[in-house]
Every structure is written in structure tokens, then in C-alpha cells.
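# Breakdown of the fold
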Amino acid sequence: MSAPRSRSSLVVLLTAVVAGCAIVVFAVRALLRDPFDDAAWVAVVLGALFVAWGIAFDRLPDDDDLDHDHDDDDRDDHDRRRVTGVLSTAMAATGAYVVIRAIGRPVDTALVGALAWPAWRLVNRWLDGVIRRREARGEPDGAAD
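All of the points below concern the structure found in this document. All residue numbers refer to positions counted from 1 along the written sequence of the respective chain. The model is predicted, so local features are restricted to residues of pLDDT at least 70 and side-chain atom pairs to those at 80 or more, both for listing and for counting; the totals for chains, interfaces and linings are taken over all residues. Only hydrogens and water are set aside when side-chain values are computed; all heavy atoms of the structure are taken into account.

Further remarks concern the overall build of the chain. A helix here means a DSSP run of H or I that spans at least four residues, while a strand means a run of E at least two residues long, and both kinds are numbered starting from the N terminus. Of the regular secondary structure elements, the chain holds four helices and zero strands. Moving toward the C terminus, one meets the helices and strands of the chain in the order α-α-α-α. Burial classification: accessible surface area is computed with a 1.4 Å probe over protein chains only, and a residue below 20% of its type maximum counts as buried, one above 50% as exposed, and the rest as partly exposed. Looking at the chain residue by residue over its 145 residues, the buried ones come to 24%. Counting contacts in the chain only where the partners sit at least 6 residues apart, residues at least 24 apart contribute 62% of the total. For accessible areas, the Shrake-Rupley method is used with a probe of radius 1.4 Å. Any residue's cover is judged against the shown protein chains and nothing else. Of the roughly 10500 Å² of accessible surface on the chain, 63% is carried by carbon and sulfur atoms. Two residues form a contact once any of their heavy atoms are found within 4.5 Å.

Structure follows, in C-alpha cells:
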């Protein structure tokens, strides 16, 4: 039997679901006015991402649950955290695109703004991997004076 969910987790879930549904409603209204509105189509995706993120957040384990010794559960917890991180990045990218288009900027500017954060995360992860491989081989980090 699983532990009862916390109230704060439930509040976050409900807030994300309500916000996602509201975004979808406004996006659909915008699409009814102009079916070729690219920002409205992306806003529909953003609303769906809000709902998915809320559900993924609610399924994250509590910190108290991390003290167990099961490898399968650890893998599931890691996968859940990874999914939540991917959803967060996708929400940031689509949200940036919608906001940049809403203030009247062209599509290319919105794409650059939307892809800036995911690109930063990829570069950061790549550099972390390079540093870990160097440390595993025992090479100096290059920061020696």
C-alpha cells in the first residue's frame, strides 16, 4: 500500500492541470479565429505539456521514499525524474516560443529563444560527460596554475 500523497503535491498537480486546460482553451479560441496562427498551435502543445508535467510531478517519489534498497525502484525513480526534467525543458521551450510570438517577434526570433535553454542544457551535459571521462582517466582538468 502506498503512502498518501501530500497536499502540496496535490495542489501542484491541480494547478498544472487547470493551467494547462486554460492554455488549451485560449489557444483553441485563437485557432478558431485564425487556423494558421503558429503560436496558438504551439500553445495547445504547451497546455498539454502542463497537464503531463503535473501528472509526472505528482508521480515523483517523496524524499522519504528514497531510502529503500531496490534497484528496480531506483531505476523507476530515476526515469520519473528524467521524464519530469524533459517535460520541464519542453515547457520552457514552448512557453518561450508562445511568449516571444505573442509580443510580436518573428518566427526565427521565437525559434532561437525557444531553443536557447535546451541547447544550453545539451552543452552542459556534454561538458559534464567530458569532465567525468577525464577524471576517470586521471587527467588534469586544465585549471592548474
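Once you've had a look at it, read on.
This part takes up the packing of aromatic side chains. The rule is short: rings of Phe, Tyr and Trp, with Trp giving its six-membered ring, pair when the centres are within 6.5 Å, and they are stacked under 30 degrees, edge-to-face over 60, tilted in between. Considering all chains together, one arrives at one aromatic pair under this definition. Seen from their ring centres, Trp-53 and Phe-57 are 5.2 Å apart, and the 20 degrees between their planes marks the pair as stacked. Taken together, the residues Trp-53 and Phe-57, both in helix α2 (residues 38–59) and four residues apart, mark about one turn of the helix. Using a relative accessible area of 27% as the deciding quantity, one classes Phe-57 as partly exposed.

On to the environment of Ala-40, then. As for its position among the elements, Ala-40 is in helix α2. According to the relative accessible area criterion, Ala-40 is buried, its value standing at 4%. Distance in space between the C-alpha atoms of Ala-40 and Arg-29 is 8.7 Å, their sequence separation being eleven residues. When sequence neighbours within four positions are dropped, the list of residues in contact with Ala-40 reads Ala-27, Ala-30 and Leu-31.

With that settled, the discussion passes to the side chain of Thr-94. Residue placement: Thr-94 occurs in helix α3 (residues 71–102). Those residues in contact with Thr-94, other than ones at most four positions away along the chain, are Val-42, Val-45, Leu-46 and Leu-49.

What follows concerns the nonpolar core. In plain words, nonpolar cores are sets of buried Ala, Val, Leu, Ile, Met, Phe, Trp, Tyr and Cys residues tied together by side-chain atoms within 4.5 Å. If you look at the biggest cluster of nonpolar residues, it comprises seven residues: Ala-16, Leu-46, Leu-49, Trp-53, Ala-56, Leu-87 and Met-91. Listed by contribution, the elements that provide at least two residues to this core are α2 and α3. In terms of residues, this core owes the most to one element, α2, which gives four residues. If we skip the residues at most four places from it in the chain, Ala-16 touches Phe-50, Val-51, Trp-53 and Gly-54.

Right, let's get into α2. With 22 residues, α2 extends 32 Å from end C-alpha to end C-alpha; this agrees with the ideal 32 Å at 1.5 Å per step. Within the span of α2, buried status applies to Ala-39, Ala-40, Ala-43, Leu-46, Gly-47, Leu-49, Trp-53, Gly-54, Ala-56 and Asp-58. Taking the backbone nitrogen of Ala-39 as reference, a side-chain oxygen 3.3 Å away marks Asp-37 as the first, capping residue of α2. To estimate how far a helix should reach, multiply one less than its number of residues by 1.5 Å. Polar contacts here mean pairs of N or O atoms no more than 3.5 Å apart (in protein, one a potential hydrogen donor and the other a potential acceptor; neighbouring residues in sequence count only if both atoms are side-chain atoms).

As a further point, take a positive patch on the surface. Positive charge collects at one region of the surface, where Arg-82, Arg-121, Arg-125, Arg-132 and Arg-133 lie side by side. Here the positive patch takes four residues from helix α4 (residues 107–137), the largest share from any one element. Given the relative accessible area of 56%, Arg-132 is considered exposed. A residue counts toward a patch only above 30% relative accessible area and without a salt bridge, and it is joined to like-charged neighbours within 9 Å or, for Val, Leu, Ile, Met, Phe, Trp and Tyr, to nonpolar neighbours within 5 Å. One speaks of a salt bridge when a side-chain nitrogen belonging to Lys or Arg is within 4 Å of a carboxyl oxygen belonging to Asp or Glu. By the counting scheme adopted, Arg and Lys are positive, Glu and Asp are negative, and His together with the chain ends is not counted. Charge positions are represented by NZ for Lys, CZ for Arg, CG for Asp and CD for Glu.

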